[in-house]
Amino acid sequence: MTYALKINNLSKVYANGFEALKGIDLTVEQGDFYALLGPNGAGKSTTLGIVSSLVNKTSGDISVFGFDLDSDLEQAKMCLGVVPQEINFNQFEKVKDILVTQGGYYGIPASEAEVTADLYLKKLGLWDKRDQPSRELSGGMKRRLMIARALIHHPKLLILDEPTAGVDIELRRSMWQFLREINEQGTTIILTTHYLEEAEALCRNIGIIDKGKILTDTTMNALLGQLHVETFILALDRDLAKAPLLDGFECIVNEQGELEVDVEQVQNINELFKAVDKAGLLVKTVRAKSNRLEELFLSLVETHDTESGAKGVEA
Amino acid sequence: MSMSQMWVALCTIVVKEVRRFTRIWAQTLLPPAITMALYFVVFGNLIGPRIGQMEGYNYMEFIVPGLIMMSVITNSYANVVSSFFGMKFQRSIEELLVSPVPNWIVLIGYVAGGVARGLAVGFIVTLLSLGFTDLQVHNIAITASMVLLTAIVFSLGGFINAVYATKFDDISIVPTFVLTPLTYLGGVFYSISLLPEFWQLVSKVNPILYMVNAFRYGILGVSDVNIMVSYAMVVVFIVLLFSFALRLLNQGKGIRA
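Residues numbered from 1 in each chain as written. Chains lettered and ligands numbered in written order. Predicted model: local features only at pLDDT ≥ 70, side-chain atom pairs only at ≥ 80, totals over all residues. Heavy atoms only, no water.

So, about the sheet that holds strand β1 (residues 5-13) of chain A. Residues and elements named next belong to chain A. Here four strands make up an open sheet; going across it, the order is β2-β1-β4-β5 and the pairing antiparallel. This sheet does not close on itself; its edge strands, each paired only once, are β2 (19-28) and β5 (67-68). Judged from the seven bridges that link them, β1 and β2 form a sheet pairing that is antiparallel. Along β2, the bridge assignment pairs K12 with L21. Docked against the sheet, helix α1 (residues 44-51) engages β1, β2 and β4 (59-64), running at close to 115° with respect to β1. (Pairing = 2+ DSSP bridges. Helix = DSSP H or I, 4+ residues; strand = E, 2+ residues; numbered from the N terminus. Contact = heavy atoms within 4.5 Å. Axes fitted to C-alpha atoms, helices over the stretch in contact; angles between N-to-C directions.)

If you want it as structure tokens, here you go:
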């Protein structure tokens with residue numbers, strides 16, 4: 001089977017001696033929407049940087065749609081579109097010129113690139129700004145421009161390194177919708193993000209990396225299935241001084257006087273409400289303590305830190 | 001990439017580079033025109049008549065080829081060094097690094113951009129000089145080929161400078177402390193036959209002397225040096241600098257982590 005991305009034993013040691021990647025293996029299937037998550041400095045951007053030819057690897061093998069990065073670099077690059085973490089276009093160029101120029105780098109004549117540029121400028125809400133210098137765009141528009149630029153040559157694999165960082169929630173949702181559409185049209189997408197809700201909403205498969213090692217590489221459903229306990233916060237009609245006894249549930253009172261209750265996977269919310277009712281408490285509101293994926297993510301990273309004897313966690 | 005795709009990529013880089021220096025014409029095309037016009041007025045018109053003949057030509061006629069060459073050298077170098085370093089600084093160089101454009105196309109594209117600006121400024125200065133003197137071209141082939149080859153040499157030099165530069169100071173050191181002295185001492189304003197023998201020998205170590213004199217030979221038909229040596233020198237420089245610049249690009253020096 002030809003994978004969209006196949007990484008074998010990839011290592012990277014920077015000139016200052018920092019070992020960013022410690023022989024990672026990763027495969028992403030064609031058509032997948034894959035999340036690569038990890039704390040800051042885990043190795044996500046280094047991995048994607050090497051795949052994108054922005055960072056030199058120390059050792060290992062990478063292939064993109066079967067094209068080896070060492071022996072078939074040009075063909076591999078033809079398959080790739082990259083949206084980096086930092087804004088990296090010429091701030092003095094006009095918006096449309098940036099797209100047409102990028103098309104030219106892939107051998108697409110200007111007349112042809114202009115058609116694709118117009119399409120994505122309209123789809124991503126940049127049409128009105130097409131003749132403005134790119135420095136005059138807002139932060140969200142700059143990120144959308146980078147997505148349009150990455151798509152100008154119709155890549156089969158799109159790499160998005162924190163594409164919605166600093167983007168407001170409304171715009172983020174519209175970008176999600178756009179990304180879903182292009183994924184449904186057949187583009188494989190690899191996403192890194194610090195918004196775990198984003199990964200959970202968009203991605204089918206997930207890899208978690210920390211300190212240069214892949215901790216898990218599985219489906220989103222399988223990962224979420226590992227979540228045995230979820231914590232709910234119950235705001236009551238009065239503040240509690242100490243935790244009440246709830247049949248079958250562990251609970252504590254937090255600093256706000258709310259009740260934090262652990263609900264195991266085998267239990268259900270109805271049972272919780274029955275227990276609360278039986279204890280004579282009135283629930284005004286209920287919410288999950290954190291995003292489900294966030295809990296798993298923290299659990300995996302903390303476990304790894306403990307195992308590797310790390311002193312502090314950079315999250 | 002196919003040949004046609006590479007051609008499109010090359011044209012894209014060249015068009016981008018030409019668009020850049022024409023967009024900021026007030027920084028790139030106007031200043032050398034004003035500076036050279038002042039040279040013509042001060043050295044050619046005001047001081048020149050007191051100097052008298054040089055190599056059988058009046059002083060204005062003598063310095064015009066040198067001043068054209070000086071503007072070509074400084075502008076071809078400045079274009080590539082500032083454009084490529086600017087791309088590094090803004091990280092827009094990553095647009096090229098992720099694309100399949102071969103490194104030799106990138107290098108040729110940037111050099112072509114530098115040559116375009118060098119020749120554009122050279123053309124403007126030539127037009128200006130016509131307001132001060134009648135310019136008769138002795139040998140158009142030598143004139144055109146030498147100005148082109150010289151622009152290529154200094155565009156390559158600017159590229160290598162930009163690859164190594166890590167801050168804006170680094171792109172002004174070579175033009176200020178190397179190019180300007182070598183140009184002023186490279187026979188732009190005088191014939192080295194005026195110098196004592198020892199300083200003539202010292203001057204002959206300066207490669208810019210050979211380029212300026214070959215160009216002057218193309219226009220006036222006089223030179224302090226053998227122009228075949230000039231051609232050999234610029235061709236060797238081009239081969240060496242191109243190979244070195246390409247090696248730096250292939251290594252990712254200064255552009256890849």
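We are not done yet, so read on.
Residues and elements named next belong to chain B. By the definition in use, this model includes 14 aromatic pairs over all chains. Judged by centre distance (5.1 Å) and plane angle (75°), the rings of F198 and W199 are edge-to-face. Within the aromatic cluster, the residues linked to one another by ring pairs are Y39, F43, Y184 and F189. The ring of F62 carries the charged tip of R216 above its face, separated from the ring centre by 3.7 Å. (Phe/Tyr/Trp six-rings, centres within 6.5 Å; stacked < 30°, edge-to-face > 60°. Lys NZ or Arg CZ within 6 Å of the ring centre and 35° of its normal.)

Residue and element names in this part refer to chain A. Of all five residues that make up strand β8 (residues 188-192), five are buried, and the element is covered over most of its length. The two faces of β8 match: T188, I190 and T192 on one face and I189 and L191 on the other face are all buried. With three bridges joining them, strand β3 (residues 33-37) and β8 adopt parallel strand pairing. Looking at the pairing, Y34 lines up with I190 of β8. Pairing of strand β7 (residues 157-161) with β8, which is carried by five bridges, proceeds in the parallel orientation. Paired with L160 across the bridge in β8 is L191. Between the parallel elements β7 and β8, the chain passes through helix α6 (residues 169-184) in a crossover that is right-handed. (Buried < 20%, exposed > 50% of the residue type's maximum accessible area, 1.4 Å probe, protein only. Right-handed = clockwise from strand over helix to strand, strands pointing away.)

With 31 residues of chain A at the interface, the matching set in chain B holds 25 residues. Of the roughly 2600 Å² buried between chain A and chain B on both sides combined, carbon and sulfur atoms contribute 51%. Considering only the side of chain A, the residues that lose the most area to chain B are L54, E74 and Y105 of chain A, jointly responsible for 28% of the buried surface there. Our count for the chain A to chain B interface comes out at three salt bridges. (Buried area = accessible area lost by both parts, 1.4 Å probe. Salt bridge = Lys/Arg side-chain N within 4 Å of Asp/Glu carboxyl O.)

A separate point is the pattern of salt bridges. Residues and elements named next belong to chain A. With the rule as written, the count across this model stands at 10 salt bridges over all chains. Of the charged contacts in the structure, one is a salt bridge between D70 and K57, with a shortest N-O distance of 2.7 Å. Of this pair, D70 sits in the loop between β5 and α2 (73-78) while K57 is found in the loop between α1 and β4, placing the two residues 13 residues apart along the sequence. The exposure class assigned to D70 is exposed, which follows from its relative accessible area of 52%. The exposure class of K57 is partly exposed, given its relative accessible area of 27%. With a closest N to O distance of 3.4 Å, E258 and R287 form a salt bridge. In this pair, E258 is assigned in the loop between β12 (250-253) and β13 (259-264) and R287 in strand β14 (residues 283-288), connecting sequence segments 29 residues apart.

Residues and elements named next belong to chain A. Its location among the elements puts T218 in strand β10 (residues 213-219). Residue classification places T218 among the buried positions, given a relative accessible area of 19%. Non-local contacts of T218, meaning those with residues more than four positions away in its chain, are made with N205, I206 and L223.

Bringing the confidence of the model for chain A into the picture now. The share of residues in chain A with pLDDT of 70 or more is 93%, and the mean pLDDT across the chain is 86. Of all helices and strands in chain A, the one with the weakest mean pLDDT is helix α10 (residues 292-307) of chain A (68), whereas helix α3 (residues 95-105) of chain A scores best (95). (pLDDT = per-residue confidence, 0-100.)

Residue and element names in this part refer to chain A. Taken together, the four strands give an open sheet; going across it, the order is β12-β13-β11-β14, and neighbouring strands pair in antiparallel fashion. Lying at the two open borders of the sheet, with one neighbouring strand each, are β12 and β14. Going across the sheet, the axis of each strand differs from the next one's by a mean of 25°, ignoring polarity. Of the strand pairs in this sheet, strand β11 (residues 229-236) and β13 are connected by six bridges, and their pairing is antiparallel.

Residues and elements named next belong to chain B. Packing of helix α6 (residues 103-129) against helix α11 (residues 227-251) leaves a shortest axis separation of 9 Å and a crossing angle of 125°. Looking at the two axes, α6 sits oblique to α11. In this structure, α6 crosses over α11, and the sense of that crossing is right-handed. Contacts from N103, W104, V106, L107 and I108 of α6 reach α11 at F242, A245, L246, L249 and N250. Tallied by class, the residues present in the contact of α6 with α11 amount to eight nonpolar, two polar and no charged. (Parallel < 35°, antiparallel > 145°, perpendicular 65-115°, else oblique. Left-handed = near helix turned anticlockwise from the far one by under 90°. Nonpolar A, V, L, I, M, F, W, Y, C, P; charged D, E, K, R; others polar.)

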